Amino acid sequence: MAIRTVLKHVKHNPNNTQWRLISLQNRSVHTKNEIIKSPKGFEGDLKSQILGLKFARRSATTVIQNWVDEGHKVSGKLRYLATQLTKSKRYKHALEILTWMETQSYFMMAASDHAMRMELIVRVRSLTEAEDYFATLQNTVSRKAACLPLLHGYVKEKATDKAEALMTKMIGLGLGVTPHPYNEMMKLYVATSVYEKVPLVISQMKHNRIPLNVLSYNLWMNSCGQKSEVNSVEMVYREMLGDKNVQVGWSTLCTLANTYIKAGSFEKAAGALKQAEKKISNINRLGYFFIITLYASLKDRDGVLRLWEASKAVDRRTITCADYMCILSCLLKVDDLQRAEMVFNEWESNSRDYDVRVSNILLGAYMRKGLIQKAESFHLHTLEKGGHPNYKTWEILMEGWVRSQNMDKAIDAMKKGFSKLKGCEWRPSKEILITIAEYLEKNRDVEGADRYIRDIRRLGLGSLALYKVLLKLRIGAKRSGFDIVELMQKDKIEMDDESFELVKSCDS
């Protein structure tokens, strides 16, 4: 089947939901001209120049081309460098290297090169460009290798129709059989909450004698758990225990425990977590925080602390801000503020760069508990330590001050929060906005209300309920409401009977 025909089907026949397995086959990497050898200076010069491109806007292509124009030669070691950059999440420069290589006649791109380039295009550019690149691949093996990254891109973008069509048609390319594409489809169905299709994927795997791996079982269990089907989850778990080709690990047991927690079977959940503790690694901290979070859901303070101390024994130097944020949230969830403060002090004493996201968690706890003075003092402390408040900092302070009726500070915090909203979707809740407006109405602060509505409208947060409060303010201050009506018209907010009556009262 011609590759353009396949892509045409993916793009224009989205209703085809029959699909079969595709897989990735790699081939060894070679160059056409085997006499091309890496010059002695490659490792020290070209590599260091490319690795020295700290900013994504700088071009690896330019560096390589300048190197060649100066009379130097390059070798297949560029592939290794692209792999290094990918592992370091420098995807743009890695893509530039592979793109440059493909334009050179003396490089023969291996299937694995095409697969890596496809993956990088999906990451750095777009699915459309990835599809276009896929259409240019003439070699069957290269097309096979590039299929899985393209499918992964569809899954990431939740493009269900295209993913299903790709799974249906790619089998025509003679691809082999592995669990990976099936797992991708199950990820997609879980992400889009189409849980009922996951067992169908499992059935097809069994029909085609595709061995399930750990991820397959975990996705299957998770889909059953999302539907609160405890019996089904236990059935999958028992089947996994009987499968000699897989090994039950902490992730599976966490999925089982989470299902029990949702069902209210807390004793079973605790038992599953105890088993999960025995499965976690003493060289990788990842599993510890999944288990800590589940112990917090069980309100098991001892479990939270036990796993936290165990995680620190792995390698204290690699504890991240995200880890501290997790343990602080969990300690607060089990209502241990004192221990949370101790952990925060531990983080603060060892932190080189003050990450305000960590301090925000404790700040939020103080505000929720009504410890306003302590929260304000703590906020000043973080500023003295070099913390830079983000929108979340101001949101926490604003909501705390609103609850304590300190509206002047709340309004000031809201304005500062608005100044941090570039590229951020956060907006104050409608309840907060109305509460502040009602405060301004109560104090008949017309000028303050005018400034307030300007800030609100700038973010597209005007609402009928908000404008009604402002109209009531105008009535109390015996001021005209004509300008409020004009703003409502500009915001395309339709007036109801109550707002009509309020306008009449303003102008009577």
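Each chain carries its own residue numbering, running from 1 in the direction its sequence is written. At least 70 in pLDDT is required for a residue's local features to be given in this predicted model, at least 80 for side-chain atom pairs to be given and counted, and no such filter applies to totals for whole chains, interfaces and linings, which use all residues. As a rule here, side-chain values come from all non-hydrogen atoms in the structure, and water together with hydrogens is ignored.

## Comments concerning the environment of Leu256
Defined as follows: By definition, any uninterrupted DSSP run of H or I lasting at least four residues is a helix, any uninterrupted run of E lasting at least two residues is a strand, and each is numbered from the N terminus. Residue contacts are defined here by distance: any two heavy atoms, one from each residue, within 4.5 Å place the two residues in contact.
Examined against the element boundaries, Leu256 turns out to sit in helix α14 (residues 250-263). Linking Leu256 and Met221, residues 35 residues apart in sequence, is a C-alpha distance of 7.5 Å. Residues within four places of Leu256 in sequence aside, it is in contact with Met221, Val233, Tyr237 and Ala272.

## Some thoughts on empty space enclosed by the protein
Our working rule: The way it works is a 1 Å grid over only the protein atoms, where trapped points that fit a 1.4 Å probe form a cavity and open points with protein on both sides within 12 Å along at least five of seven lines form a pocket, and then any residue with an atom within 4 Å of a point lines it. Grid points are joined across faces, edges and corners, and a volume is the space filled by probe spheres set on the points. In the scheme used here, Gly and all other residues not listed as nonpolar or charged are polar, with Ala, Val, Leu, Ile, Met, Phe, Trp, Tyr, Cys and Pro taken as nonpolar and Asp, Glu, Lys and Arg as charged.
By the definition in use, this model includes two cavities of 30 Å³ or more. Taken as a whole, the largest cavity holds about 40 Å³ of empty space. Along its surface, the largest cavity is lined by Val356, Ser359, Asn360, Leu363, Phe378, His379, Thr382, Pro389 and Thr393. When contributions to the lining of the largest cavity are tallied by element, the ones reaching two or more residues are α20 (356-368) and α21 (372-384). The leading source of residues in the lining of the largest cavity is α20, at four residues. For the lining of the largest cavity, a count of residues per class yields four nonpolar, five polar and no charged. Computed from the structure, the second largest cavity encloses a volume of approximately 40 Å³. Around the second largest cavity sit Ile411, Met414, Lys415, Phe418, Tyr452 and Asp455, which together line it.

## A few points about the confidence of the model for the protein
Our working definition: A score from 0 to 100, pLDDT tells how confident the predictor is in each residue.
Summary statistics for the protein give a mean pLDDT of 85 and a share of 88% for residues scoring 70 or more. This stretch, residues 20-43, has a pLDDT under 50; its non-local contacts, to residues over four places away or in other chains, come to 79 contacts.

## Considerations on the nonpolar core
Note the cut-off: To define a nonpolar core, start from buried Ala, Val, Leu, Ile, Met, Phe, Trp, Tyr and Cys residues and group those joined through side-chain atoms within 4.5 Å. Buried residues are those whose accessible area, probed at 1.4 Å on protein chains only, stays under 20% of the maximum for their type, while exposed residues exceed 50% and partly exposed ones sit between those limits.
Judged by nonpolar contacts, the single largest core of 157 residues is most densely connected at Ile50, Leu78 and Ile97. Among residues more than four places away in sequence, those in contact with Ile50 are Ala60, Val63, Ile64, Leu78, Leu81, Leu85, Arg90 and Ile97.

## Examining the packing of helix α24 (residues 430-442) against helix α26 (residues 464-476)
Threshold: Angles here are taken between N-to-C directions and fall from 0 to 180 degrees, while the axes themselves are lines fitted to C-alpha atoms, restricted in helices to the stretch in contact. Just so you know how the angles are binned, under 35 degrees is roughly parallel, over 145 roughly antiparallel, 65 to 115 roughly perpendicular, and the rest oblique.
For the pair α24 and α26, interaxial distance at closest approach is 9 Å and the crossing angle is 5°. What the angle tells us is that α24 and α26 run roughly parallel. Residues Leu433, Ile434, Ala437, Glu438, Leu440 and Glu441 of α24 touch α26, and the partners they reach there are Ala465, Leu466, Val469, Lys472 and Leu473. Its residues assigned to classes, the contact of α24 with α26 shows eight nonpolar, no polar and three charged.

## So, unusual backbone geometry
One non-glycine residue, Lys299, lies in the positive phi region at around 60°. With respect to the helices, strands and loops of the structure, Lys299 is situated in the loop between α16 (286-297) and α17 (301-312). The exposed category is assigned to Lys299, whose relative accessible area is 53%. Backbone geometry at Lys478 places phi at a positive 55°, although glycine is not the residue there. Along the chain, the position of Lys478 falls in the loop between α26 and α27 (482-490).

## So, α20
The criterion, for reference: Given the number of residues in a helix, its expected span is that number minus one, multiplied by 1.5 Å.
Helix length check: α20, at 13 residues, gives a terminal C-alpha distance of 18 Å against a target of 18 Å (1.5 Å per residue), a fit within 8%. Among the 13 residues that make up α20, eleven are buried, leaving the element largely enclosed by the rest of the structure. Every buried residue belonging to α20 is among Val356, Val358, Ser359, Asn360, Ile361, Leu362, Leu363, Gly364, Ala365, Tyr366 and Met367, and all of these are buried. The elements touched by buried residues of α20 are α18 (321-333), α19 (337-350), α21 and α22 (391-403). Just downstream of α20 lies Gly370, where phi reads positive at about 80°.

## A few points about the side chain of Arg474
This is how it is decided: Pairs of N or O atoms are called polar contacts if they sit within 3.5 Å, as long as, within protein, a hydrogen donor faces a hydrogen acceptor (for residues adjacent in sequence, only side-chain-to-side-chain pairs).
Structurally, the position occupied by Arg474 is in helix α26. The exposure class of Arg474 is buried, given its relative accessible area of 4%. At 2.9 Å, the side chain of Arg474 forms a polar contact with the backbone oxygen of Ser480. The residues contacting Arg474, other than those within four sequence positions of it, are Val446, Asp450, Arg479, Ser480, Gly481, Asp483, Ile484 and Cys506.

## Description of the packing of α22 against helix α23 (residues 407-418)
We count it as follows: Crossings are classed by handedness, with left-handed meaning an anticlockwise turn of the near helix from the far one by less than a right angle and right-handed meaning a clockwise turn.
Two elements in contact, α22 and α23, have axes separated by 8 Å at closest approach and are oriented at 160°. Overall, the two elements α22 and α23 adopt an arrangement that is roughly antiparallel. Regarding α22 and α23, the two cross each other, and that crossing is left-handed. On α23, the residues touching Tyr391, Trp394, Leu397, Met398, Trp401 and Val402 of α22 are Met407, Lys409, Ala410, Ala413, Met414, Lys416 and Gly417. Here the residues of the contact of α22 with α23 sort into ten nonpolar, one polar and two charged.

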